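Structure at a glance
One-letter residues, chain by chain:
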Amino acid sequence: MTSTRLLSSLMLAASLLTCGFARADDAGPVYGPELQGFDYPYPVHNFDFESQRRSLHMAYMDVAPTGKANGETAVLLHGKNFCGATWENSIAFLSQAGYRVVVPDQIGFCKSSKPEAYQFSFQQLARNTHALLESLKIDRITVVGHSTGGMLGIRYGLMYPKEVKRLVLVDPIGLEDWKALGVPSLSVDQWNAREMQSTADRIRAYEQATYYSGTWKPAYEKWVQMLAGLSRGEGRVAVAWNSALLYDMIYTQPVVYELDKLTMPTLLMIGDKDTTAIGKDVAPPEVKAKLGHYDVLGKQAAKAIPHATLVEFPLLGHAPQMQDPDAYRSALLDWLARTPGQ
């Protein structure tokens, strides 16, 4: 099938879904457009604010220390196919270690607003997060960003260097420029058509191959259904459209060229089996072969970032905090204890 015919088929399927026809082969829980019906591990609050002439709300968790308070705050930034809830294990051990832990859902994701029109940029998401922290009177933080949250964490550290004591990047994407390497551009409409075809089976297959390096545990299914439930619900059109806008943001706004400008102590936690690369599936074979080699990308990033520490997990994929939480917890807490921050 030619690329034109394939796109036409995807657009037709998307139009059927838009008219209200759910996929018959995708049964499971149904969640609202702001993930209504899916429970988070801690109480969810809302930060209401104005941005780009729109009234928006950012959902977030704000978890007090359960161990002896150390006076520090950790801000956890989720990835593209993740939500604040996927940090539940990290929230628990960081709060036990004495941290106040703030975990936002970014605009366009999960339990936060999904505007029909919004100029998404990493700068805007960083400003939104900064405004949330200002409202909570928090001005000195350790940022922990995973996947797309790693790209956002880098941008946040570049924009607010005096407020970021430490930066932790867990398999951040954006350690290479996919566009410059030859990955073809997809329009927002093309991204939208792809997102309208999301099903649990497709999500599961991708996550098993990429996030968990070919392995699978029953505990992972909760996160598959979290995403699939959004796509089954009445808000699926808004969810897919926001996702498309966000993919365009990720593809067009590389951060790799600015890694040398980070000034704070930075921990890179890399699963060497990770192969994540935006648009890899549409890239020509000779381009695809060059993408997503995290065993190489992690080392390159560690050389580029002035005050970097690299921790590699040789057998893990894109989500080490979920695939091997004990190893991840040990490595993170050890580095935090040894690194006072700037």
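Calculation notes
Residues numbered from 1 in each chain as written. Predicted model: local features only at pLDDT ≥ 70, side-chain atom pairs only at ≥ 80, totals over all residues. Heavy atoms only, no water. Helix = DSSP H or I, 4+ residues; strand = E, 2+ residues; numbered from the N terminus. Rg over C-alpha atoms; globule rule 2.2 N^0.38 Å. Buried < 20%, exposed > 50% of the residue type's maximum accessible area, 1.4 Å probe, protein only. Contact = heavy atoms within 4.5 Å. Areas by Shrake-Rupley, 256 points an atom, 1.4 Å probe, with all protein chains shown as cover. Pairing = 2+ DSSP bridges. Axes fitted to C-alpha atoms, helices over the stretch in contact; angles between N-to-C directions. pLDDT = per-residue confidence, 0-100. Core = buried A, V, L, I, M, F, W, Y, C linked by side-chain atoms within 4.5 Å. Phe/Tyr/Trp six-rings, centres within 6.5 Å; stacked < 30°, edge-to-face > 60°. Disulfide = S-S within 2.5 Å. Parallel < 35°, antiparallel > 145°, perpendicular 65-115°, else oblique. Left-handed = near helix turned anticlockwise from the far one by under 90°. Nonpolar A, V, L, I, M, F, W, Y, C, P; charged D, E, K, R; others polar.

1. Remarks on the overall build of the protein
- A count of helical and extended segments in the protein gives 13 helices and eight strands.
- Compactness check: the protein gives a C-alpha radius of gyration of 19 Å against a globular reference of 20 Å for 342 residues, within 12% of the reference.
- Along the longest, intermediate and shortest principal axes, the C-alpha atoms of the protein span 55 × 45 × 40 Å.
- When the 342 residues of the protein are sorted by exposure, 56% land in the buried category.
- The long-range fraction of contacts in the protein, counting pairs at least 24 apart against all pairs at least 6 apart in sequence, stands at 80%.
- With the model as given, the accessible surface of the protein reaches about 14300 Å², and the carbon-plus-sulfur share is 54%.

2. Brief notes about the sheet that holds strand E2 (residues 54-63)
- A sheet is described by the order of its strands in space; here eight strands give the open sequence E1-E2-E4-E3-E5-E6-E7-E8, paired in mixed fashion. Unpaired on one side and paired on the other, strand E1 (45-51) and strand E8 (308-313) mark the two borders of the sheet. Each strand axis lies, on average, 20 degrees off the axis of its neighbour in the sheet, ignoring direction.
- Across the face of the sheet, helix H4 (residues 148-159) comes into contact with strand E3 (73-77), strand E5 (141-146) and strand E6 (164-170) while running at roughly 145 degrees to E5.

3. Topic: the confidence of the model for the protein
- When pLDDT is averaged along the protein, the result is 93, and 93% of the positions lie at 70 or above.
- Of the regions scoring below 50 in pLDDT, residues 1-22 engages in 22 contacts with residues more than four places distant in sequence or in other chains.

4. Quick word on the nonpolar core
- Judged by nonpolar contacts, the single largest core of 104 residues is most densely connected at Leu35, Leu76, Leu94, Trp178, Ile250, Met269 and Leu332.
- Tallying contributions element by element places helix H9 (residues 236-252) first for this core, with eight residues.
- Setting aside chain neighbours within four positions, we find Ile250 in contact with Lys80, Phe122, Thr148, Met151, Ile173, Trp178 and Ile278.

5. Quick word on the packing of aromatic side chains
- For the coordinates displayed, the defined rule picks out 14 aromatic pairs.
- Arranged with centres 6.2 Å apart and planes meeting at 90 degrees, the rings of Phe38 and Tyr40 form a pair that is edge-to-face.
- Assessed through its relative accessible area of 12%, Tyr40 is described here as buried.
- Both rings, one in Tyr206 and one in Tyr211, keep their centres 5.5 Å apart while their planes meet at 80 degrees; by these two values the pair is edge-to-face.
- By relative accessible area, which is 2% here, Tyr211 ends up buried.

6. Notes on the state of the cysteines
- Enumeration according to the criterion identifies one disulfide in this entry.
- Cys83 shares a disulfide with Cys110; S-S distance 2.0 Å. The sign of the S-S torsion, about -90 degrees, decides the handedness of the disulfide formed by Cys83 and Cys110: left-handed. Of this pair, Cys83 sits in the loop between E3 and helix H2 (88-96) while Cys110 sits in the loop between strand E4 (100-104) and helix H3 (122-135), and the two are 27 residues apart along the sequence.
- The class of Cys83 is buried, set by a relative accessible area of 0%.

7. Side note on unusual backbone geometry
- Unlike most non-glycine residues, Ser147 shows phi in positive territory, near 60 degrees.
- When you line up the elements, Ser147 lands in the loop between E5 and H4.
- The residue Asp171 is not glycine, and still its phi comes out positive at about 40 degrees.
- Residue position: Asp171 is located in the loop between E6 and helix H5 (178-181).

8. Observations concerning the packing of H2 against helix H13 (residues 325-338)
- The interhelical angle for the contact between H2 and H13, taken along N-to-C directions, is 40 degrees, at an axis separation of 11 Å. Relative to H13, the element H2 lies oblique. Judged by the twist between their axes, the crossing of H2 over H13 is right-handed. Contact residues: H2 offers Asn89, Ser90, Phe93 and Leu94, while H13 offers Pro325, Tyr328, Arg329, Leu332, Leu333 and Leu336.
- Residue composition of the contact of H2 with H13, by class: seven nonpolar, two polar and one charged.

9. Structural notes on the packing of helix H7 (residues 200-210) against helix H8 (residues 221-232)
- For the pair H7 and H8, interaxial distance at closest approach is 9 Å and the crossing angle is 140 degrees. Crossing hand, H7 versus H8: right-handed. Across the interface between the two elements, Ala200, Ile203, Arg204 and Glu207 from H7 touch Glu221, Val224, Gln225, Leu227, Ala228 and Arg232 from H8.

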